[in-house]
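A closer look at the structure
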Amino acid sequence: MSEYIIEIPDYVPPFDPLARAATLGKEIVRCQDCKRFSLDNSDHDYRSGWWCHRWNTDMVKPDGFCAWGKRRDA
């Protein structure tokens, strides 16, 4: 199931139900589905166990996301 950012207008006249529709924005790619996410197999106790190759950090979680996420090819 994909998640998307939606944009809702600030003001919509209450008598126009079609204008209340939200605009579909960009898809959210969770870290666990991103091609830059991997398991960190280092032997350090202080590491989280996950690694982001975009930011070169272990400060990520599988259910996290960022604006630069790229979906991994299936």
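The model shown is predicted, which means the values in this text are computed figures rather than measured ones. (Residues numbered from 1 in each chain as written. Predicted model: local features only at pLDDT ≥ 70, side-chain atom pairs only at ≥ 80, totals over all residues. Heavy atoms only, no water.)

**Side note on the environment of Phe 37**
Position of Phe 37 among the secondary structure elements: in strand β3 (residues 37–39). The exposure class assigned to Phe 37 is buried, which follows from its relative accessible area of 13%. Sequence separation between Phe 37 and Lys 70 is 33 residues, and the spatial gap between their C-alpha atoms is 9.7 Å. Setting aside its immediate chain neighbours within four residues, Phe 37 contacts Cys 31, Gln 32, Trp 50, Trp 51, Val 60, Pro 62 and Arg 72. (Helix = DSSP H or I, 4+ residues; strand = E, 2+ residues; numbered from the N terminus. Buried < 20%, exposed > 50% of the residue type's maximum accessible area, 1.4 Å probe, protein only. Contact = heavy atoms within 4.5 Å.)

**Quick word on a nonpolar patch on the surface**
Among the surface-exposed residues, Tyr 4, Ile 6, Ile 8 and Leu 24 lie close enough to one another that they form a single nonpolar patch of about 430 Å² accessible area. Relative to the assigned elements, Leu 24 resides in strand β2 (residues 23–28). With relative accessibility at 58%, the residue Leu 24 sits in the exposed group. (Patch = residues over 30% accessible without salt bridge, like charges linked within 9 Å, V, L, I, M, F, W, Y side chains within 5 Å. Areas by Shrake-Rupley, 256 points an atom, 1.4 Å probe, with all protein chains shown as cover. Salt bridge = Lys/Arg side-chain N within 4 Å of Asp/Glu carboxyl O.)

**Examining the nonpolar core**
One finds Val 29, Cys 31, Cys 34, Phe 37, Cys 52 and Val 60 forming the largest nonpolar core, which totals six residues. Sequence-distant contacts of Val 60, that is, excluding residues within four places in its chain, are made with Cys 31, Phe 37, Ser 48, Trp 50, Trp 51 and Cys 52. (Core = buried A, V, L, I, M, F, W, Y, C linked by side-chain atoms within 4.5 Å.)

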